[in-house]
Amino acid sequence: MATVARSIQPDESGTVYHVRAGAEGTVIDVDGFNLFYGKKQALFDITFSVPRGLVCALIGPSGCGKSTLLRCLNRMNDLIDDVTINGDMRIEGHDLYGPGVDVIALRKRMGMVFQKPNPFPMSIFENVVYPLRIDGVRDRNVLEETCERALKGAALWDEAKDRLKESALGLSGGQQQRLCIARAIAADPEVLLMDEPCSALDPIATSKIEELIDELKGRYTIIIVTHNMQQAARVSDNTAFMYLGRLIEFGETEILFTAPKVTKTLDYVTGRFG
Amino acid sequence: MPPDSGHTFTTSGAARATSRPTDLRARGEPFLWGLGGALAFGVMMVAGLLLLVLWNGFATFYPRPIHVVTLVNGDVIAGEPTRTEDFRPPATEVAALPAAVRAGIETNLGFADRTLYRTGNFDLYGDDFRWITDYAVARVATPPDLYLFERLEWGAFIGRIKSVDLAGATFYAGGIPLDRLVAAHDEARRRWRQIREIEHDEIGRVNQQIESERLALRKVELRSGGPATDYADAARRTDARVVTLTGEYEGLAARAAALKAENARYTITLTEIGGREKSQNLADIVRFYPANDLSVLARLGVYFSRWGEFLTAEPREANTEGGVLPAIFGTFAMTLLMVVAVAPFGVMTALYLREYARQGRLVSIVRISVNNLAGVPSIVYGVFGLGFFAYIVGGTIDQVFFPERLPNPTFGTGGLLWSALTLALLTVPVVIVATEEALAAVPRSMREGSLACGASKWQTIHRIVLPRAMPGIMTGLILAMARGAGEVAPLMLVGVVKLAPELPIDGIFPYIHFERSFMHLGFHIYDVGFQSRNSEAGKPMVFVTTLLLIALVALMNATAIVVRNRLKRKFVGGQF
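Residues numbered from 1 in each chain as written. Chains lettered and ligands numbered in written order. Predicted model: local features only at pLDDT ≥ 70, side-chain atom pairs only at ≥ 80, totals over all residues. Heavy atoms only, no water.

## A short note on the interface of chain B and chain A
- Facing the 24 residues of chain B at the interface are 25 residues of chain A.
- Across the chain B/chain A interface, buried area totals approximately 2100 Å², and carbon plus sulfur atoms make up 62% of it.
- In this structure, the connection of chain B to chain A is made through one salt bridge.
- When the shortest N-O distance is used, the salt bridge between R71 of chain A and E448 of chain B registers 2.4 Å.
- One can count five residue pairs in polar contact (both at pLDDT 80 or more) joining chain B with chain A.
- Contributing elements (two or more residues each) for the side of chain B that touches chain A: α14 (444–452), α15 (457–485) and α18 (535–571) of chain B.
- The leading source of residues in the side of chain B that touches chain A is α14 of chain B, at eight residues. (Contact = heavy atoms within 4.5 Å. Buried area = accessible area lost by both parts, 1.4 Å probe. Salt bridge = Lys/Arg side-chain N within 4 Å of Asp/Glu carboxyl O. Polar contact = N/O pair within 3.5 Å; in protein donor to acceptor, adjacent residues only side chain to side chain. Helix = DSSP H or I, 4+ residues; strand = E, 2+ residues; numbered from the N terminus.)

## A few points about the sheet that holds strand β7 (residues 110–113) of chain A
All names here are of chain A.
- The sheet built from seven strands is open, its strands ordered β1-β11-β10-β4-β9-β8-β7 with mixed pairing. Each of the sheet's edge strands pairs with one partner strand only, and the pair in question is β1 (16–18) and β7. In this sheet, adjacent strand axes meet at a mean angle of 15 degrees when their direction is disregarded.
- As paired elements, strand β10 (residues 238–243) and strand β11 (residues 246–252) share six bridges and run antiparallel to each other. Paired with Y243 across the strands is R246, a residue of β11.
- Each of β7 and β8 (191–195) touches helix α7 (residues 173–186); the most contacted strand, β7, lies at about 170 degrees to it. (Pairing = 2+ DSSP bridges. Axes fitted to C-alpha atoms, helices over the stretch in contact; angles between N-to-C directions.)

## Thoughts on the environment of N73 of chain B
Residues and elements named next belong to chain B.
- Assignment of secondary structure puts N73 in the loop between β1 (67–71) and β2 (76–87).
- Sequence separation between N73 and T115 is 42 residues, and the spatial gap between their C-alpha atoms is 17 Å.
- A polar atom in the side chain of N73 sits 3.0 Å from the backbone nitrogen of D75.

## Section: the nonpolar core
- Formed by 61 residues in total, the largest nonpolar core has its most connected members in W307, F310, V324 and L521 of chain B.
- The element that contributes the greatest number of residues to this core is α18 of chain B, accounting for 11 residues.
- Excluding its chain neighbours within four sequence positions, the residues that come into contact with V324 of chain B are F310, A313, L521, H524 and L548 of chain B.
- The next biggest cluster of nonpolar side chains, apart from the first, holds 45 residues, and it includes I59, L216, V235 and F241 of chain A. (Core = buried A, V, L, I, M, F, W, Y, C linked by side-chain atoms within 4.5 Å. Buried < 20%, exposed > 50% of the residue type's maximum accessible area, 1.4 Å probe, protein only.)

## Remarks on the domain arrangement of chain B
Residues and elements named next belong to chain B.
- Domain annotation for chain B reports domain 1 (67–157), domain 2 (169–264) and domain 3 (325–574).
- Taken over C-alpha atoms, the centre of domain 2 sits 38 Å from the centre of domain 3.
- Contact with domain 2, which involves seven residues of that partner, is made by five residues of domain 3.
- Summing the contributions of domain 2 and of domain 3, the shared interface buries around 630 Å²; its carbon and sulfur component is 59%.
- Counting the surface domain 2 buries against domain 3, the share from its top three residues, Q208, L215 and K219, is 57%.
- Summed over the shared surface of domain 2 and domain 3, the number is zero salt bridges.
- Between domain 2 and domain 3 we count zero residue pairs in polar contact (both at pLDDT 80 or more) in total. (Domains from an automatic or database assignment.)

## Let's talk about the pattern of salt bridges
- Taken as a whole, this structure holds 42 salt bridges over all chains when the rule is applied.
- Among the ionic pairs, K162 of chain B bridges to E277 of chain B, the shortest N-O distance being 2.8 Å. You can see K162 of chain B sitting in strand β7 (residues 156–166) and its partner E277 of chain B sitting in strand β10 (residues 277–281), a full 115 residues away along the chain.
- Among the charged side chains, a network of salt bridges with common partners joins R20, K217, D237 and E252 of chain A.

## Observations concerning the confidence of the model for chain A
- Considering every residue of chain A, the mean pLDDT works out to 85; 95% of them sit at 70 or more.
- Confidence drops under a pLDDT of 50 for residues 1–13 of chain A, and excluding neighbours within four residues, the segment shows 25 contacts in the predicted structure. (pLDDT = per-residue confidence, 0-100.)

## Some thoughts on the pairing of strand β8 (residues 169–172) of chain B
Residue and element names in this part refer to chain B.
- Pairing of β7 with β8 involves four bridges; the strand directions are antiparallel. Of the residues in β8, the one forming a bridge with V164 is F171.
- The turn linking β7 back onto β8 is made up of two residues, and A167 within it adopts a positive phi angle of 50 degrees.

## Structural notes on the pairing of β10 of chain A
Residue and element names in this part refer to chain A.
- Summarising burial for β10: five of the six residues are buried, a large majority.
- In this sheet, β10 lies alongside strand β4 (residues 55–59) in parallel orientation, the contact comprising four bridges. By the bridge assignment, A57 is partnered in β10 with T239.
- Connecting β10 to the next strand, β11, in antiparallel fashion are two residues, including L244 with a positive phi near 50 degrees.

## Points about helix α10 (residues 325–356) of chain B
- With 32 residues, α10 of chain B extends 46 Å between its outermost C-alpha atoms, agreeing within 8% with the 46 Å of an ideal straight helix rising 1.5 Å per residue.
- In the structure, α10 of chain B departs most strongly from a straight axis at V342 of chain B, where the bend amounts to approximately 25 degrees and where the proline P344 of chain B lies between one and four residues downstream. (Expected span 1.5 Å × (residues − 1). Bend = angle between axes of the 7 residues up to and from the residue.)

## Details of helix α7 (residues 178–224) of chain B
- In a regular helix each residue adds 1.5 Å, so 47 residues correspond to 69 Å; α7 of chain B covers 67 Å between its end C-alpha atoms and thus fits that length.
- Along α7 of chain B, the largest kink reaches about 30 degrees and is centred on I203 of chain B.

Okay, structure coming up:
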């Protein structure tokens, strides 16, 4: 894997880049992206590209816009009234916010895992195949195959294979979160968006999820928002540091945590604020 | 002492030692008493009402003894003591009493006791009940040979059996074979039920067919615009059919007449306590028992037989006797139909309001208006239902679909369907409010999870939000059902009647007759209690019917609650 494709390269937004590039180019390209909640601007001129197949972490203090940015990627912000955006956001070259974009098809390409596990009040099986069900898939074989593949992918198969018909609400918190990951990968997305997936879990469940992220790397591009800097350091290849709605520094995780190029980043990763 | 009042900070013991204890108001004790008292008061009112209804409702059918009261002036009356109360006898009457009795009344501050006896024998006496003042009583006896007869007409008869004529074999008092009497009575009642079946069901069906032939002919007449060839053909066919049906009718009538003639051979002659006689067909007696000569088991037998009749028979004697089956049936059918109407309507409205409508001033106004609808007096809904549903909608339906029956209205008058729709309108605010709250309570994370999977908004609502909100929606429906089942005022305008000749569901196509008027337990209570000739006789029935209405509402609610709890376990439970 090639390292340090770009050296320190301050551009007009003031972001400093030192990104580790993937072998297969980029999946998501964001250029000059702004977002407003009513009159209040929440994201300022965000520009970055996510390399395919790598794990990218978003860190920063509360309210810095990490989650907002993540939710822009699958257009979950559409659900909130009074949001306006401008700028450019593309997945594999296709404009995310262009006219005539099929939001539903787009979301199928972007699996999402939330902060709190949110299994649906159905059986484990039905939870996993939910994305297929809404597409109208009825073939039992396809559903069962997908269920097994997704649960194996989410390292839940061994624990869940004997209780697929039971309610998903009976699983533990960590199992529920892995179930949500299984649900997200059942639709075979290109990108997995994770919004603080471990913040509601205990340390053992957290380490299982982290192992899982490691396994999923390569097959999916993963973008993970986290409050936990050790976690970002452990699981990610690249890390983006955001502060007050701006992208301050985006680059190789090792460098960002050990020798950041921007003083603000250094202050944050060493715990001087945030 | 509550634990918090004794607790003090110990940071500076000397300074705290002089501090005042927390005062009573700050501790909130008086308010707690107030709150508890309010709850206790409410519970007492409800429990008191329920106890009153339960006690009176369950005690009504238990057979009472018959007292034979000999008065001081020599009169003798026989009756069931119903209740006793204080009253203030007029001064002139008191003055005429013996000194000992007068002294007793004076020590009692001018009050004396009197007892209400149910004497029955309305056909002989002209009333059913009689007050007897206690000081007018010389002695009371309970002779074992007194019977109580419940009759189809004229209410109860209290007296002795003088003679029995069983198809020619006459027996006189003292030599009456009771088992033969009972068997003959059972037979006569069986024949009576057969006659009823023939007259009510079979002849009713024939009449219905004749009527539908006539209507079909009238339809042809309306279509062809007068006596044309096809009309003449149809008229001939109809006449032929009517002749066949009339033959059928006459056959049935002959069968009924034969049974009636057979029944006329079994008679019983009774004497009331004063010696006057009354002859009676055995078939016209519902049940009889020697009131003072009954074992507890026999009493219970009478008790349950009365309950059985009450629950499964039709009313008679202006609703004060007999059963309430048509009313039970009408209440049940109307309430179910109302739920069927209100559930989709209310849920869809709430779904649009909560999920799709842009939350703004307009939606707020709609929401407030819906809530205010719940405060409109229910009689207003009745007027609206009569004007809109029955006259406008029903009238139009009649003109379009049933022109041959005009000027007799089919749907253009009150009926089961219009009552259910009127009540649906009355209860829709309850359902809307409950559904909106249930929808709002579905966690945002569930919706987001579904949307993030690529589900559309509709798929999310249909697959995730609605199932999850279902227990809350059910709660709304339960409330609506309780409200609707107990409502009477609007129904009086849109379809409930004192006595419905036919049930809204029967064996004649199309089986469910939405246009028919029906009986309702709530209206039955009002009718028996306040509209009947004999309010004293109706009083026990008011309690029994109330008990039944409460039981029916409770049963329907319990069913809905069981369903709701199952849904709740399925969709909500188990979250960590």
